Amino acid sequence: MVVLLSTLATEIVIPVAAVVGIVFSLVQWYLVSRVKVTPERQAPSSGPNSNKNGYNDILIEEEEGLNDQNVVTKCAEIQNAISEGSTSFLFTMYQYVGVFMVVFAILIFLFLGSVEGFSTKSQPCTYDAKKTCKPALATAIFSTVAFVLGGITSVLSGFLGMKIATYANARTTLEARKGVGKAFITAFRSGAVMGFLLAANGLLVLFITINLFKLYYGDDWEGLFESITGYGLGGSSMALFGRVGGGIYTKAADVGADLVGKVERNIPEDDPRNPAVIADNVGDNVGDIAGMGSDLFGSYAESSCAALVVASISSFGINHEFTSMLYPLLVSSVGIIVCLITTLFATDFFEIKAVKEIEPALKKQLIISTVLMTIGIAIVSWIALPSSFTIFNFGVQKVVKNWQLFLCVAVGLWAGLIIGFVTEYYTSNAYSPVQDVADSCRTGAATNVIFGLALGYKSVIIPIFAIAVSIYVSFSFAAMYGIAVAALGMLSTIATGLAIDAYGPISDNAGGIAEMAGMSHRIRERTDALDAAGNTTAAIGKGFAIGSAALVSLALFGAFVSRAAISTVDVLTPKVFIGLIVGAMLPYWFSAMTMKSVGSAALKMVEEVRRQFNTIPGLMEGTAKPDYATCVKISTDASIKEMIPPGALVILTPLIVGTFFGVETLSGVLAGSLVSGVQIAISASNTGGAWDNAKKYIEAGASEHARSLGPKGSDPHKAAVIGDTIGDPLKDTSGPSLNILIKLMAVESLVFAPFFATHGGLLFKIF
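I will try to describe carefully the structure that is included in this document. Please read all numbers here as calculations on a predicted model, not as lab measurements.

At His320, a residue that is not glycine, the phi angle is positive and equals roughly 55°. Note on placement: His320 falls in the loop between α7 (315-318) and α8 (322-325). Look at Ala479: it is not a glycine, yet its phi comes out positive at around 50°. Within the secondary structure, Ala479 sits in helix α14 (residues 461-491). By relative accessible area, Ala479 is classed as buried at 0%.

What follows covers the pattern of salt bridges. Considering all chains together, one arrives at 24 salt bridges under this definition. Among the ionic pairs, Lys731 bridges to Asp692, the shortest N-O distance being 3.4 Å. Of the two residues, Lys731 sits in helix α22 (residues 715-751) while Asp692 sits in helix α20 (residues 663-700), which places them 39 residues apart along the sequence. For Asp692, a relative accessible area of 6% gives the class buried. A salt bridge links Lys731 to Asp728, with the shortest nitrogen-to-oxygen separation between them at 3.7 Å. Of this pair, Lys731 and Asp728 are both found in helix α22, three residues apart, which corresponds to roughly one turn of the helix. Judged by relative accessible area, Lys731 falls into the buried class, the value being 7%. Here the salt bridges share partners, and the residues they tie into one network are Lys251, Asp254, Asp531, Asp692, Lys695, Lys696, Asp724, Asp728, Lys731 and Asp732.

Taken as a whole, the largest pocket spans an internal volume of roughly 840 Å³. Every residue lining the largest pocket is counted, 33 residues in all, and those nearest its centre are Val355, Ala529, Ala532, Ala700 and Ala702. If you list the elements that add at least two residues to the lining of the largest pocket, you get α10 (358-384), α15 (494-516), α16 (521-563) and α20. For the lining of the largest pocket, the element with the most residues is α16, which contributes nine residues. A class-by-class count of the residues in the lining of the largest pocket yields 13 nonpolar, seven polar and 13 charged.

Tracing the backbone shows Thr594 in helix α17 (residues 574-615). Engagement of the side chain of Thr594 in a polar contact is seen with the side chain of Ser734, the distance being 2.8 Å.

What follows deals with the pairing of strand β4 (residues 396-401). By the bridge criterion, six bridges tie strand β3 (residues 388-393) to β4 in an arrangement that is antiparallel. Bridge assignment links Ile391 to a residue of β4, and that residue is Lys398. Between the end of β3 and the start of β4, which pair antiparallel, lie two residues, with Phe394 showing a positive phi angle near 50°.

Applying the stated criterion to the full structure yields 27 aromatic pairs. Centre to centre, the rings of Phe345 and Phe349 are 5.0 Å apart; their planes meet at 85°, and the pair counts as edge-to-face. Of this pair, Phe345 and Phe349 both sit in helix α9 (residues 327-349), separated by four residues, roughly a single helical turn. Assessed through its relative accessible area of 25%, Phe345 is described here as partly exposed. The class of Phe349 is partly exposed, set by a relative accessible area of 48%.

A word on empty space enclosed by the protein. For the structure on display, the rule yields nine cavities of 30 Å³ or more. There is about 260 Å³ of room inside the largest cavity. Asp284, Asp508, Asn535, Asp692 and Lys731 are, among the 26 residues lining the largest cavity, the residues nearest its centre. Mapped by element, the contributors of at least two residues to the lining of the largest cavity are α5 (221-264), α6 (277-312), α15, α16, α20 and α22. For the lining of the largest cavity, the element with the highest residue contribution is α16, accounting for six residues. Residue classes in the lining of the largest cavity are distributed as three nonpolar, six polar and 17 charged. Around the second largest cavity sit 16 residues that line it, and Val309, Val310, Ile313, Ala559 and Ser562 are the ones nearest its centre. When residues of the lining of the second largest cavity are traced back to their parent elements, those giving at least two are α5, α6, β3 and α16.

A few words on α22. The first and last C-alpha atoms of α22 sit 54 Å apart over 37 residues, in line with the 54 Å expected at 1.5 Å per residue. Of all bends in α22, the biggest is about 35°, found at Gly727, and the proline Pro729 comes one to four residues later. Taken across its 37 residues, α22 has 33 buried, putting it largely inside the fold.

Between α5 and α22, the shortest axis-to-axis distance is 9 Å and the interhelical angle comes to 170°. The angle between α5 and α22 falls in the class roughly antiparallel. Here the contact of α5 with α22 is built from residues that sort into 16 nonpolar, nine polar and twelve charged.

This part is about the nonpolar core. In a soluble, globular protein the nonpolar side chains are often hidden away together inside. Residues Phe184, Tyr327, Ile358, Tyr481 and Phe560 are the most contacted members of the largest nonpolar core, which totals 228 residues. Per-element accounting of this core gives the leading share, 21 residues, to helix α4 (residues 180-217). Those residues in contact with Ile358 that sit more than four places away from it in its chain are Val180, Phe184, Ile352, Tyr503, Ala529, Leu530 and Ala533. Counting residues in hydrophobic clusters, the runner-up holds 19 residues, among them Val422, Val434, Ala438 and Leu709.

Cut-offs used in this document
Residues numbered from 1 in each chain as written. Predicted model: local features only at pLDDT ≥ 70, side-chain atom pairs only at ≥ 80, totals over all residues. Heavy atoms only, no water. Helix = DSSP H or I, 4+ residues; strand = E, 2+ residues; numbered from the N terminus. Buried < 20%, exposed > 50% of the residue type's maximum accessible area, 1.4 Å probe, protein only. Salt bridge = Lys/Arg side-chain N within 4 Å of Asp/Glu carboxyl O. 1 Å grid on protein atoms, 1.4 Å probe; cavity = no way out; pocket = protein on both sides within 12 Å on 5 of 7 lines; lining within 4 Å. Points joined across faces, edges and corners; volume = space filled by probe spheres on them. Nonpolar A, V, L, I, M, F, W, Y, C, P; charged D, E, K, R; others polar. Polar contact = N/O pair within 3.5 Å; in protein donor to acceptor, adjacent residues only side chain to side chain. Pairing = 2+ DSSP bridges. Phe/Tyr/Trp six-rings, centres within 6.5 Å; stacked < 30°, edge-to-face > 60°. Expected span 1.5 Å × (residues − 1). Bend = angle between axes of the 7 residues up to and from the residue. Axes fitted to C-alpha atoms, helices over the stretch in contact; angles between N-to-C directions. Parallel < 35°, antiparallel > 145°, perpendicular 65-115°, else oblique. Core = buried A, V, L, I, M, F, W, Y, C linked by side-chain atoms within 4.5 Å. Contact = heavy atoms within 4.5 Å.

Okay, structure coming up:
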């Protein structure tokens, strides 16, 4: 069947869309950079339109006697401290991760090369013995190269996101003096820089890699796309360390700052007298921005790789239909253009004038991008796919129509929106679940904790049904390929999702800078309003990440089962069942490790903050400066040391199980970890988000009910702070890291599948 889009057009469309995304992100960055954080040097003019802070319009005179130049200078100083802390932490972490990358790259080469004893002779193809394919040694070499490329792209995604976030936070603070709308646009544009850079870079690097590998592989598309899976493995490996390391860093500082500052000393959040405050702000960038960036890049890379692997052994790969083969990349290309149009709705077409318009504006971003993307997917499915084709389905080829594949992508896309809105309902303080949690603080921290946990468990129900429906529909229509493209559908609006997600930590830091720079309470109220909306959007981002992780890991699981030549996974066989029950335990083990890591790091932080308050004369009075550097060092050292054991658990499990127990047991482990991991991840993220926003609900005092629970420092507020502190490691360390656990184990099993199928199951061979 002929497709409307030619191979040449495909070769042009994909890189052009990626370049458009990169250019758009640079334009957004330029617009953010026009907000000056250096005092103007020219002589002050006395006219009514005197130039202040690089602008000709007069700032609203709310600084209550504060000199504008001093405020700008102070903001710049704080921003530099946060930026330096974030950069030095990431460089330290990347040194350790670099060592891991080298060791793991060697392992990939040795394991995959040994499948055929490092032979350089061509072999009969797995799915068509009449044809010859490239040797396993080639797969070993190219998988290793793809792994390194994926790792570097993931690191770059996180690092660039962190740089733009630290560049934008003080600018957001300064813009808040002009009104909440200006501050919103600055924070959102900065998030968009990260979103578009990540989506475009991921797409461009993957496209170039496929074309370069094709020069060697030629017609052996099965080998070509099998080696491309290393790209997803590299992306997720780096994301794991970014998420766990960054999560431990940020929460150790946050818990330490809150417990001593707010509960014991009764000083405001982000008060400059608190020694842990800079470490807390650094943590927002390394955990929520760099970690999230790497995480979503990993999901994108893996869902693309899973779809390509399954397609390569279907009619697209067998008949060498290049345009149809790259359908997943074309979907992502359209996603970049759709997100570009959507972003303009938030920054250019409509202006936010009041606090209450912030959250609806962010929700509209999700709705607009989903509606436009549905149209985009329909067009791509029409022009890039033949009207009928076959998809590999556990040993047989299943006939699929192009409209069925469109529905697979669309069901993933809309399931993502449903998960986003359910997450918002359970974590936003505009709705009754969080308000009930806040109300439970009347009787102390214990009832707050009970209500919060119940809310988290309840919030799992609808997302799981949404994921279940997506799986059923997409699998019925197009087998495992359908599930892979459904995951891609959920991630197709990744640029908008990341812009919304990164906006949160940027606003959070902007509030911290306003407090530390001594700006008026009205400025702080604006940044708090931005931050509260950001908390909810961060929870929505985590919901997307977890939902897509479930679909991605299931698609990778299907690709692994096909690659390892397992015809059925029978739960009733002992080999599979032991894997299933152990796999279901792994997320609990992993969560225990990460939460204990946060606890022990926070313990050191609390002791250090208390020591400084007790031993530095004049610290509470504000006449002496705290020692921020020691707190930053505590967080850095703890996170680097503590991220290794959970990382080792995730990375070594598939290698040990596959080598010693074989592919059947490993398939059980993957299924078990997927089923329990998704539930824990959703409930942990939403519980933490709800506790955080319940605290903010009491602090803001926007309604009669909220005022009856406040003000800051009241007993209900203290109970809310304790709930928020317990929720911190749940929502920012354990919860978001779990989606990487289930994806990473699945993609690693897929990459090593040829080795496990050939040499695995040593224990069962011995006995």
